[in-house]
Amino acid sequence: MLEHSDDRAVSDWCIEHLGYPVAEHTFTAGNLSVVHGLRLTNGREVVLKIRDGDARLGACAWVQRRMWQAGFPCPEPLAGPLPLGRKVASAETPLPGGGEPAPADAPRQFAGLLADFVTRAEDLEPQPLLRPAPAWIQWYHKEDGVWPVPDDRNVDLNAERCSATAWLDELGAAVRERLEEVRDAACVLGHGDWDGRNVKFRNGRPLAVHD
């Protein structure tokens with residue numbers, strides 16, 4: 001079942017923007033967004049992401065398309081972000097599954113692929129709408145304390161003091177201080193959620209970068 005839109009609304013969206021209605025739902029997943037695997041009536045499989053509207057989404061889609069055109073291993077954007085009820089939706093091609101590299105090799109693999117991303121994106125036009133960054137990487141926020149206001153829960157992270165996690169507050173403060181020192185350095189395009197949930201490998205080779 002769809003969490004944020006009914007089946008008919010999603011199928012109508014696919015007719016309007018992809019040319020065919022939905023024949024079958026193949027999976028549902030997601031966290032801040034709801035992700036649906038869909039098979040259309042022409043046999044085509046697509047991934048549909050439904051989320052709250054945000055000016056950043058259009059800029060992100062622009063970057064993703066150009067990275068895909070440059071041969072980077074990310075899904076091809078097909079449509080969107082475009083309205084779907086009170087949310088916005090975007091469609092892209094599915095990519096095959098994969099996994100994480102062996103632990104001993106993981107730092108080199110992840111760092112190498114991120115360096116490739118940044119290098120390929122060097123010639124892209126600046127995208128002002130990519131700022132402000134999502135809350136979980138908005139180290140330059142103006143709130144009191146180390147942590148910004150989260151966008152996925154109604155809590156004050158700076159008010160939650162716990163001896164078991166004091167090291168995390170100290171680390172966060174140190175990272176913010178270090179990044180402040182390079183605030184005026186040249187900006188580059190990167191990926192705000194670079195971990196094993198979004199970055200997949202197979203046999204030591206990059207397979208898919210999502211989100």
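Residues numbered from 1 in each chain as written. Predicted model: local features only at pLDDT ≥ 70, side-chain atom pairs only at ≥ 80, totals over all residues. Heavy atoms only, no water.

Undergrad: For this particular structure, what's the right way to read the overall build of the protein chain?
TA: Of the regular secondary structure elements, the protein chain holds four helices and seven strands. The principal-axis extents of the C-alpha atoms in the protein chain amount to approximately 55 × 40 × 35 Å. Per-residue burial for the protein chain yields a buried fraction of 35% across its 211 residues. Look at the contacts in the protein chain between residues 6 or more apart in sequence, and 53% of them connect residues 24 or more apart. Put simply, the protein chain has 23 plus and 32 minus side-chain charges, and the middle of one group is 4 Å from the middle of the other. (Helix = DSSP H or I, 4+ residues; strand = E, 2+ residues; numbered from the N terminus. Buried < 20%, exposed > 50% of the residue type's maximum accessible area, 1.4 Å probe, protein only. Contact = heavy atoms within 4.5 Å. Lys, Arg positive; Asp, Glu negative; His and termini not counted. Charge placed at Lys NZ, Arg CZ, Asp CG, Glu CD.)

Undergrad: Is there a simple way to think about the pattern of salt bridges in this case?
TA: Oppositely charged side chains can pair when the atoms bearing their charge come close. Scanning the entire structure with this criterion turns up twelve salt bridges. In this structure, Lys49 engages Glu92 in a salt bridge whose closest nitrogen and oxygen atoms are separated by 3.6 Å. Within this pair, whereas Lys49 is found in strand S3 (residues 45-51), its partner Glu92 is found in strand S5 (residues 87-92), the two being separated by 43 residues in sequence. Just as Lys49 is buried, Glu92 falls in that class too. Taking the shortest distance from any N to any O, the salt bridge between Arg178 and Glu181 comes out at 3.1 Å. Separated by three residues within a single helix, Arg178 and Glu181 lie in helix H4 (residues 166-181), roughly one turn from each other. Arg178 sits in the partly exposed class, given a relative accessible area of 49%. A single network of salt bridges, built from pairs that share partners, joins Glu24, Arg39 and Glu45. (Salt bridge = Lys/Arg side-chain N within 4 Å of Asp/Glu carboxyl O.)

Undergrad: Honestly, a negative patch on the surface in this entry has me stumped. Any pointers?
TA: There is a patch of like negative charges on the surface, built from Glu143, Asp144, Asp156 and Glu160. Glu143 sits in the partly exposed class, given a relative accessible area of 42%. (Patch = residues over 30% accessible without salt bridge, like charges linked within 9 Å, V, L, I, M, F, W, Y side chains within 5 Å. Areas by Shrake-Rupley, 256 points an atom, 1.4 Å probe, with all protein chains shown as cover.)

Undergrad: I would appreciate a short explanation of the packing of aromatic side chains in the present structure.
TA: Two descriptors summarise a pair of aromatic rings, namely the distance from one centre to the other and the angle between the planes of the rings. Scanning all chains against the criterion turns up four aromatic pairs. For the ring pair Phe72 and Phe117, a centre distance of 5.2 Å and an interplane angle of 85° mean the geometry is edge-to-face. With Phe72 in the loop between helix H2 (55-69) and strand S4 (77-84) and Phe117 in helix H3 (residues 106-120), this pair connects stretches of sequence that are 45 residues apart. In this structure Phe117 comes out as buried when scored by relative accessible area, which is 7%. Considering the side-chain rings of Phe110 and Phe201, the 5.3 Å spacing of their centres and the 65° angle between planes classify their relative orientation as edge-to-face. One end of the pair, Phe110, is in helix H3; the other, Phe201, is in strand S6 (residues 199-202), with 91 residues separating them in the sequence. There is no split in this pair, since Phe110 and Phe201 are both buried. Ring pairing ties together the aromatic residues Phe72, Phe117 and Trp194, which thus form one cluster. (Phe/Tyr/Trp six-rings, centres within 6.5 Å; stacked < 30°, edge-to-face > 60°.)

Undergrad: How should the pairing of S3 be read in this particular structure?
TA: Working note: regular strand, side chains alternate between the two faces of the sheet. Among the seven residues of S3, five are classified as buried, and the element is accordingly described as predominantly covered. Here strand S2 (residues 34-40) pairs with S3 via six bridges, running antiparallel. From the neighbouring strand, Leu38 faces S3, where its bridge partner is Val46. Hairpin remark: S2 followed by S3, antiparallel, with four residues in the connecting loop; positive phi at Gly43, about 90°. Across five bridges, S3 lies against S5 in antiparallel orientation. Considered in S5, the bridge of Lys49 is made with Ser90. (Pairing = 2+ DSSP bridges.)

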